[in-house]
Amino acid sequence: MTSIDIKAHRNRIENINALPTVPSTLKRISAIIEKPKLTIDELSHFIANDPALASRVLKMVNSAIYGFPGRISSISHAIMLLGLNVVKGLLLGTSIFEIMQKVMKGLWDHSLGCAVACRVIAEKLGLKYPEEVSVAGLLHDLGKVILILEYQKAYEEAIVDAKEKGIAISEAERVHFQETHAAVGMWLSQKWRLPVNLIDVMAYHHRPTAAKFAPLETAIVHFSDILVRARGLGFAGDPYVPAVHPVAFEMLRLSDDDIRDVLAKMDDSLEQTADLSEL
Amino acid sequence: MSKVPVDKLKPGMKLSRPLVAKGGMVLLGEGTELTEKWIDRIADMDVEGIFIDGPSEQSEPLEENLARLDARFRSVAREPHMGRLKQIVKNYIEDLYDKH
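This one's a predicted model, so the numbers in the text were calculated from it and none came from an experiment.

A. Structural context of the overall build of chain B. What chain B contains, in helices and strands, is three helices and four strands. Across chain B, helices and strands are ordered from the amino to the carboxyl terminus as β-β-β-α-β-α-α. In terms of overall size, chain B is more extended than a compact globule, its C-alpha atoms giving a radius of gyration of 19 Å where 100 residues would be expected to give roughly 13 Å. Seen through its principal axes, chain B has C-alpha atoms that stretch 55 × 25 × 20 Å. Counting every position in chain B, which comprises 100 residues, the buried fraction comes to 12%.

As structure tokens, then:
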């Protein structure tokens, strides 16, 4: 068995630009979004100067994930409408998409389904910025992407272990890496200066009551993650539905009809976003 | 709503999303009922499929789908709320088949 103490590798992971397996697009995106005083102008220039990236970002904002179908035509409009933090998240979304397609295809469907469920639930609960919750859902498994990419052999063993022992992938990660993808996602999101709410979601989507800044958003992502698995969409590392945290679930006060509605919107959106796979 | 390939379109189907040309112009509005003529025109365009009202065709038998659901929930079915959640998903899946 390959066992790695990932905590000892924290510096290495945070220094993502030096990791040999990380694609150059993600490195460039990482370098811009970690800037301490990033302005809207700087970010829209960066995106607009790369036509392939710009078209990917526009395709994403106009997809069912965000609920503005076909209405956003320019990068500056997207940033005005969604805000700097959501666009930072989206940029990461487009580049992790590229990696997921190569290393773990089902994780993209899992992440997309989760993003849609998050938006629908956030809208039902009347949250002010449902797009931010949706980005959190899209990126919640970011840590997995980096682990698979950089420690492929150990991660594949963890996947086999989870299936054979009937345990969650995060438990198997703990065996093989001493920590889970939630911690890895948190390290990176801190480095990238993502908003505290997003860091909370990344770190605590398996233990939602530990969230300090965004307990409600974390509860939404926690439940959406479970609902996508319950519906059997995508693949997130193991074939099982984990138990929902009762306190987090009760916080959402969703009726049976609400949940059915989320399921229907999730299915619809995944069919519509099937063309995102040509991103 | 489901995406139907162009060669499977039939008169009487209704568009669940507008058909938009590459330049952004709406060619057929949402809710348009397809006729032979529209289907011929669409076949001449460079599109893969059209979004049509109604649930998509289910590709696997209901029993298999429900067996996979059972397998996914195997170890948590007795945890708080999980029985209810499983029932909601189960009803939802069964309804997808009923509509056909």
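B. The environment of Ser189(A), seen in detail. All names here are of chain A. Here Ser189 shows up in helix H12 (residues 181-191). Put simply, Ser189 and Lys124 are 65 residues apart on the chain and 27 Å apart in space, counted from C-alpha to C-alpha. When residues no more than four places from it in sequence are discounted, the contact partners of Ser189 are Leu194, Leu198, Ile199 and Met202.

C. Highlighting the packing of helix H4 (residues 51-61) of chain A against helix H5 (residues 75-82) of chain A. Residues and elements named next belong to chain A. Closest axis-to-axis distance for the H4/H5 pair is 10 Å, and the angle between their directions is 45°. In terms of axis orientation, H4 runs oblique to H5. Like other packed secondary-structure pairs, H4 and H5 cross with a definite hand, here left-handed. Seen from H4, the contacting residues are Ala54, Val57, Leu58 and Val61; seen from H5, they are Ile75, Ala78 and Leu82. In terms of residue class, the contact of H4 with H5 is built from seven nonpolar, no polar and no charged.

D. View of the interface of chain A and chain B. Listed as interface residues are 20 residues of chain A and, on the opposing side, 18 residues of chain B. Listed by contribution, the elements that provide at least two residues to the side of chain A that touches chain B are helix H14 (215-231), helix H15 (246-252) and helix H16 (256-272) of chain A. Among the elements that line the side of chain A that touches chain B, the one with the most residues is H16(A), at six residues.

E. Just the environment of Tyr92(B), in detail. Positionally, Tyr92(B) belongs in helix H3 (residues 82-98). Those residues within four positions of Tyr92(B) in sequence are excluded, and the remaining contacts are Arg260(A) and Leu263(A).

F. Examining the nonpolar core more closely. Residue and element names in this part refer to chain A. In terms of nonpolar packing, the biggest core is built from 100 residues, with Ala117, Cys118 and Met202 touching the most fellow members. Ranked by residues supplied to this core, first place goes to helix H7 (residues 105-124) with eleven residues. In contact with Ala117, other than residues within four places in its own chain, are Gly137, Ser224, Leu227, Val228, Val262 and Met266.

How each quantity is defined
Sequence positions are assigned chain by chain, starting from 1 and proceeding in written order. Here every chain gets a letter starting at A, and every ligand a number starting at 1, in the order they are written. Whole-chain, interface and lining totals are the exception, using all residues; otherwise, since this is a predicted model, local features are given only for residues with pLDDT of at least 70 and side-chain atom pairs are given and counted only at 80 or more. Strands are runs of DSSP state E lasting at least 2 residues, helices are runs of H or I lasting at least 4, and numbering of each runs from the N terminus. Note that the radius of gyration is over C-alpha atoms, with the globule rule given as 2.2 Å times the number of residues to the power 0.38. Each residue is classified by how many other C-beta atoms fall within 10 Å of its C-beta atom, where C-beta atoms are placed from the backbone; a count of 20 or more means buried, 12 or fewer means exposed, and values in between mean partly exposed. By the criterion used throughout, residues are in contact when their C-beta atoms, derived from the backbone, lie within 7 Å. Throughout, an axis means a line fitted to C-alpha atoms (over the contacting stretch in the case of helices), and angles, computed between N-to-C directions, take values from 0 to 180 degrees. Should an angle lie under 35 degrees it is considered roughly parallel, over 145 roughly antiparallel, and from 65 to 115 roughly perpendicular; all remaining angles are considered oblique. With the far helix as reference, a near helix turned anticlockwise by less than a right angle produces a left-handed crossing, and one turned clockwise produces a right-handed crossing. Gly counts as polar in this scheme, as do all residues outside two lists: the nonpolar Ala, Val, Leu, Ile, Met, Phe, Trp, Tyr, Cys and Pro, and the charged Asp, Glu, Lys and Arg. When buried Ala, Val, Leu, Ile, Met, Phe, Trp, Tyr and Cys residues are joined through C-beta atoms within 7 Å, the set is termed a nonpolar core.

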